[in-house]
Amino acid sequence: MLRTILTLLIATVVLVGPAAPSAVARSDALTGARKTILKDFKRQAKEAEKVLANVAAARASDLRKGDIDAAAAASGFGGAVGFFANTLKRLADEAGDAFLEAADQEFGDSGDPELRGSQAGDGGSYDALADALQSEFDKYRGRSRKRAQRFAAVVAKDGGVRVKMHSVFEPWIFERRSIPSIDGARRPGEAAPRLWGLFATTGDDGRTVLTAYGSADPTQDGRFDVRVEFSIQRPIGDLLSEGGMRVSLNGTWSDTVEFVVGQSERDNRAVLFGVEPFDGGLAGQQPGRLVHAGVISIP
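The structure presented is a predicted model; accordingly, all values stated were derived computationally and were not measured.

Q: Explain the overall build of the protein chain residue by residue, including any values.
A: Check the secondary structure of the protein chain and you find five helices and eight strands. Of the regular secondary structure in the protein chain, the N- to C-terminal order runs α-α-α-α-α-β-β-β-β-β-β-β-β. For a compact globule of 299 residues, the expected C-alpha radius of gyration is about 19 Å, and the protein chain comes in at 25 Å, more than 25% above that figure. Of the roughly 15400 Å² that the protein chain leaves accessible, carbon and sulfur atoms contribute 54%.

Set out below in structure tokens:
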């Protein structure tokens, strides 16, 4: 009897409790476009990850068979991860552009300058799409890190007695390149250089291969460089005096460098961006500032 009474009480509480918000209340004029755009992004991202998985398997197989050495395997894998991250960024930017087109259409149809779902902070589709894309970035970053740890184990096992690979995964950030407005899309300004990740592999012969990748505004092409702090700064890619880091039209960069690192220098090392170039005369373009980008341990 007591159990029956408790059951009835619980049912009553559920029935008279606050009503769940309706589907209409949670949606807005851009909900349909947002869902379609996000679905397309997820499909393409999944396909891009399959390419990364195939490259990782191929490089691991080549290393096991002795067709390539550890340096080639690590640089191939690191380059593939960088390409995958850059692909995700391109796909996310395209998703953002598609949403802007949908918002522009809705602005034109409604004439409402405060169109719900287009406003940052109103809890609508604009916020939801940005949150969803960042969540996708976080998910794939985590999976790529685990994949890198597995690959590092293969390198340590099959690459040589003293071969090690370390990898760093800095945050993969979705940045809103443009802002919807009834007066047309607005640009929020240039995106500063970001380091998304770095691989460091040291072989039996003392050679260290470093692969770095990240993002920057396309207008930053040649206007910054990437350095690792040793007793002397070693560049990843070209220094500013040599032309600086190349940035693709979709706002990504990556490069690989190889050099010999002494035993005493195999330690945690700062990764720096050389920014704000100025004319150094005979020395060529020089950075006005060195900005912290990340940290990598040289194995």
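From this point, things continue past the structure.
Q: Report on the environment of Ala33, specifying residues and quantitative values.
A: Residue position: Ala33 is located in helix H3 (residues 31-65). The class for Ala33 is partly exposed, based on a relative accessible area of 24%. With 84 residues separating them along the chain, Ala33 and Gly117 place their C-alpha atoms 11 Å apart.

Q: Give me the lowdown on the packing of H3 against helix H5 (residues 125-158), citing residues and values where you can.
A: Running from N to C, H3 and H5 cross one another at 5°; their axes reach a closest spacing of 11 Å. What the angle tells us is that H3 and H5 run roughly parallel.

Q: Would you mind going over the environment of Ala95 in detail, with residue names and values included?
A: With respect to the helices, strands and loops of the structure, Ala95 is situated in helix H4 (residues 70-110). Contacts of Ala95, omitting those with residues within four sequence positions, involve Ile37, Leu129 and Leu133.

Q: Help me get a handle on the sheet that holds strand S4 (residues 225-229), residues and values and all.
A: In space, the four strands of this open sheet follow the order S5-S4-S7-S8, with antiparallel pairing throughout. Edge strands, defined here as strands with exactly one partner in the open sheet, are strand S5 (233-236) and strand S8 (285-297). If you compare each strand with its neighbour and ignore which way they point, the axes differ by 30° on average. In this sheet, strand S7 (residues 268-279) lies alongside S4 in antiparallel orientation, the contact comprising four bridges. Bridging across to S7, Arg227 finds its partner in Leu272.

Q: Describe the confidence of the model for the protein chain, naming the residues involved and giving the relevant values.
A: Low pLDDT marks regions whose predicted coordinates should not be analysed in detail. With 91% of its residues at a pLDDT of 70 or more, the protein chain has an overall mean of 88. Predicted confidence for residues 1-25 stays below pLDDT 50, and this span has two contacts to residues more than four positions away or in other chains.

Reading the values: rules and limits
- Here, residues in each chain are numbered from 1, in the same order as that chain's written sequence.
- Local features are withheld for residues below a pLDDT of 70 in this predicted model, meaning they are given only at 70 or higher, and side-chain atom pairs are given and counted only at 80 or more; totals for whole chains, interfaces and linings count all residues.
- By convention in this description, side-chain values take in all heavy atoms of the structure and omit both hydrogens and water.
- Every helix listed is a DSSP run of H or I at least four residues long, and every strand listed is a run of E at least two residues long, numbered separately from the N terminus.
- When we talk radius of gyration, it's over C-alpha atoms, and the globule rule is simply 2.2 Å times the number of residues to the 0.38.
- Using a 1.4 Å probe, the Shrake-Rupley method yields the accessible areas, and only the shown protein chains count as cover for residues.
- Working definition: with a 1.4 Å probe on protein chains only, accessible area under 20% of the residue-type maximum means buried, over 50% means exposed, and in between means partly exposed.
- Lines are fitted to the C-alpha atoms to define the axes, a helix being fitted only along its stretch in contact, and any angle between axes, read from their N-to-C directions, falls within 0 to 180 degrees.
- Comment on the angle field: the value is read as roughly parallel under 35 degrees, roughly antiparallel over 145, roughly perpendicular from 65 to 115, and oblique elsewhere.
- In this description, contact between two residues means that some pair of their heavy atoms is separated by no more than 4.5 Å.
- Any two strands between which DSSP finds at least two bridges are classified as paired.
- Per-residue confidence from the prediction method is given by pLDDT, with values spanning 0 to 100.

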